[in-house]
Amino acid sequence: MDGKTIVLGITGGIAAYKAAMLASALTKRGARVQTVMTRHATQFITPLTLQSVTRQPVFVDMFDERDPSRIAHIALADDADLVVVAPATADAIARVAHGAGDDMLTTMLLATRVPVILAPAMNVHMYENPIVQRNLSILREVGFYVAEPGVGPLACGYTGRGRLMEPDEIVEFIDMVLTPKRLAGRTVLVTAGPTRERIDPVRYLSNDSTGTMGYALAQMAWRMGAKVTLVTGPAAKEPPMGVETVAVYSAQEMLRAVVERVPNNDIVIKSAAVADYRPVQAATVKIKKTDQELRLDLVRNADILQAVRAVRNSSTYVVGFAAETHDVDYYARKKLQEKELDMLVLNDILEEGAGFGDTTNRVTLYFADGAVLPLGLAPKLAVAGDILSHVASRCGATGHVNSPHTI
Ligand code: CTP
């Protein structure tokens, strides 16, 4: 988003006040935000608020021509990388759907050729009204993105669908739209997080994985146009937008969830830190302490990647992870070969900034054809983007300009 020009359209609904938060979030992310408000929007929030937050002039009047060398609504349309209308009222949606051009916002929308996101917000009955829904269908058909409103208490006193998508979710939606769709049409299965192996009703065996890398991979794969399923062990994280999330607990549950989904996926990325052992039997009641030493008998969990081998087809692209502390190159090559992977992502967890729970990562990619590619230290989301770009290149995903997502 850094360096992009985003036109923020604001129309006249009570959620207009949230547009200031969105403008602020986008500005902080390095975007140049050009605000265009309808007259009705100025009843709810002032142009000065938006001007102060974005440090850019705000447009309301269609005939407010400040630069004689350019026509304002055309210049706004041409300079934008993306337009987002938040909130979009039923009236604004109707006027845009039917080609109106009677104010700065609608003329700019008619003139622009960049992606447009509409974030509706209104009373639940208005939103469910077939006329509004038909207008949204018209707009979707011609390529507009619709950031669906959420369900919750509404300003009118009703509870239902009609709440403006939260500003941080709109930011994520914008990131998705701006990301090249290198995985369009692909299905991707990602596993993430630790597994937990029950000892008794209050205790378990697990590891330090937080799931951050796997969630970043799922999020980036969605942004890149894939249909994504995330099978996750217990991780204290919000499910990524647009991703089908399947929560599991133990390695055995993860095994079942993965095996049944592999045949429906083109790409399988196993970033979960699966427990290799589980107690032979979980106690059904809490184990009480005694004066004796306690011995815990463990049994091996099945290797999920071995099971994936049995159900994958020849074109499934399988990526494994290896978290190592020593002889990292040796173990990386060994796992790549033994688990018959297309790519192995090596994580030296003793390296600075590359451990469990860090926000950054530094990994090395090992490919089945013998190629080895170290990547630099970067935030996990950026590392996820790099890994997936290599996956896309290697598995022949070409991608399309337009996203298949309808959120
Ligand atoms: N993995 C798996 N099923 C297991 C254990 C691991 O599918 N029961 C997968 C992980 O998701 C990862 C890869 O295997 O993609 C490597 O995991 P890791 O724990 O590093 O390797 P192990 O094979 O368990 O080897 P070791 O514990 O001996 O290092």
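Just so you know, these numbers come straight off a predicted model, no measurement behind them.

Brief notes about the overall build of the protein
Now for step 1: Counting its regular elements, the protein contains 13 helices and 22 strands.
Now for step 2: Counting only C-alpha atoms and orienting by the principal axes, one finds that the protein spans roughly 80 × 50 × 40 Å.
Now for step 3: The buried share of the protein, reckoned over its 407 residues, is 50%.
Now for step 4: Considering only intrachain contacts with a sequence separation of at least 6, the fraction spanning at least 24 residues in the protein is 67%.
Now for step 5: Approximately 19,400 Å² of the protein is accessible, and the part contributed by carbon and sulfur atoms is 51%.
Now for step 6: The centroid of the 42 positive side-chain charges in the protein is displaced by 3 Å from the centroid of its 44 negative side-chain charges.

As for the domain arrangement of the protein
Now for step 1: Entries for the protein in the domain assignment read domain 1 (5-178) and domain 2 (187-394).
Now for step 2: Between domain 1 and domain 2, roughly 500 Å² of surface is buried when both sides are summed, and carbon and sulfur atoms account for 64% of that area.
Now for step 3: Among the residues of domain 1 in contact with domain 2, Glu172, Asp175 and Met176 are the three that bury the most area, contributing 82% of the side total.
Now for step 4: Joining domain 1 to domain 2, the criterion identifies 2 salt bridges.
Now for step 5: Notably, a salt bridge pairs Asp175 with Arg223, separated by 3.4 Å at the nearest N-O pair.
Now for step 6: Taken together, the connections running from domain 1 to domain 2 amount to 3 residue pairs in polar contact (both at pLDDT 80 or more).
Now for step 7: A class-by-class count of the residues in the side of domain 1 that touches domain 2 yields 3 nonpolar, no polar and 3 charged.

Here's the deal with the sheet that holds strand S3 (residues 58-59)
Now for step 1: One open sheet accounts for 6 strands, arranged S3-S2-S1-S4-S5-S6; its pairing is parallel. Every interior strand has two partners, whereas the edge strands, S3 and strand S6 (145-146), have only one.
Now for step 2: Bridge count for strand S4 (residues 82-88) against strand S5 (residues 116-120) is 4 bridges, and the pairing is parallel. Along S5, the bridge assignment pairs Val84 with Ile117.

Quick look at the layout of surface pockets
Now for step 1: Here the largest pocket is characterised by a volume of approximately 970 Å³.
Now for step 2: Where the lining of the largest pocket is concerned, the elements lending two or more residues are helix H9 (212-223), helix H11 (304-311), strand S17 (317-324), helix H12 (328-338) and strand S18 (343-348).
Now for step 3: Grouping the constituent residues of the lining of the largest pocket by class yields 18 nonpolar, 15 polar and 9 charged.
Now for step 4: The calculated volume of the second largest pocket comes to roughly 600 Å³.
Now for step 5: Along its surface, the second largest pocket is lined by 21 residues, and Glu172, Gln219, Pro239, Pro240 and Met241 are the ones closest to its centre.
Now for step 6: Taken together, the residues of the lining of the second largest pocket break down into 9 nonpolar, 3 polar and 9 charged.
Now for step 7: Built from parts of two domains, the lining of the second largest pocket gets at least three residues from each of domain 1 (5-178) and domain 2 (187-394).

Brief notes about the site of the ligand
Now for step 1: The full set close to the ligand counts 14 residues, and Lys270, Ala272, Asp276, Phe321 and Lys339 are the nearest of them.
Now for step 2: Take Lys270: an N or O atom from its main chain is 2.7 Å from an oxygen atom of the ligand.
Now for step 3: Within the complex, 77% of the 560 Å² of free accessible area of the ligand lies under protein.
Now for step 4: Judged by the proximity of its atoms to the pocket grid, the ligand belongs to the largest pocket.
Now for step 5: Elements supplying a minimum of two residues to the shell around the ligand: H11 and S17.

How each quantity is defined
- Residues numbered from 1 in each chain as written.
- Predicted model: local features only at pLDDT ≥ 70, side-chain atom pairs only at ≥ 80, totals over all residues.
- Heavy atoms only, no water.
- Helix = DSSP H or I, 4+ residues; strand = E, 2+ residues; numbered from the N terminus.
- Buried < 20%, exposed > 50% of the residue type's maximum accessible area, 1.4 Å probe, protein only.
- Contact = heavy atoms within 4.5 Å.
- Areas by Shrake-Rupley, 256 points an atom, 1.4 Å probe, with all protein chains shown as cover.
- Lys, Arg positive; Asp, Glu negative; His and termini not counted.
- Charge placed at Lys NZ, Arg CZ, Asp CG, Glu CD.
- Domains from an automatic or database assignment.
- Buried area = accessible area lost by both parts, 1.4 Å probe.
- Salt bridge = Lys/Arg side-chain N within 4 Å of Asp/Glu carboxyl O.
- Polar contact = N/O pair within 3.5 Å; in protein donor to acceptor, adjacent residues only side chain to side chain.
- Nonpolar A, V, L, I, M, F, W, Y, C, P; charged D, E, K, R; others polar.
- Pairing = 2+ DSSP bridges.
- 1 Å grid on protein atoms, 1.4 Å probe; cavity = no way out; pocket = protein on both sides within 12 Å on 5 of 7 lines; lining within 4 Å.
- Points joined across faces, edges and corners; volume = space filled by probe spheres on them.
- Near = heavy atom within 4 Å.
- Sits in = over half its atoms within 2 Å of the grid points.

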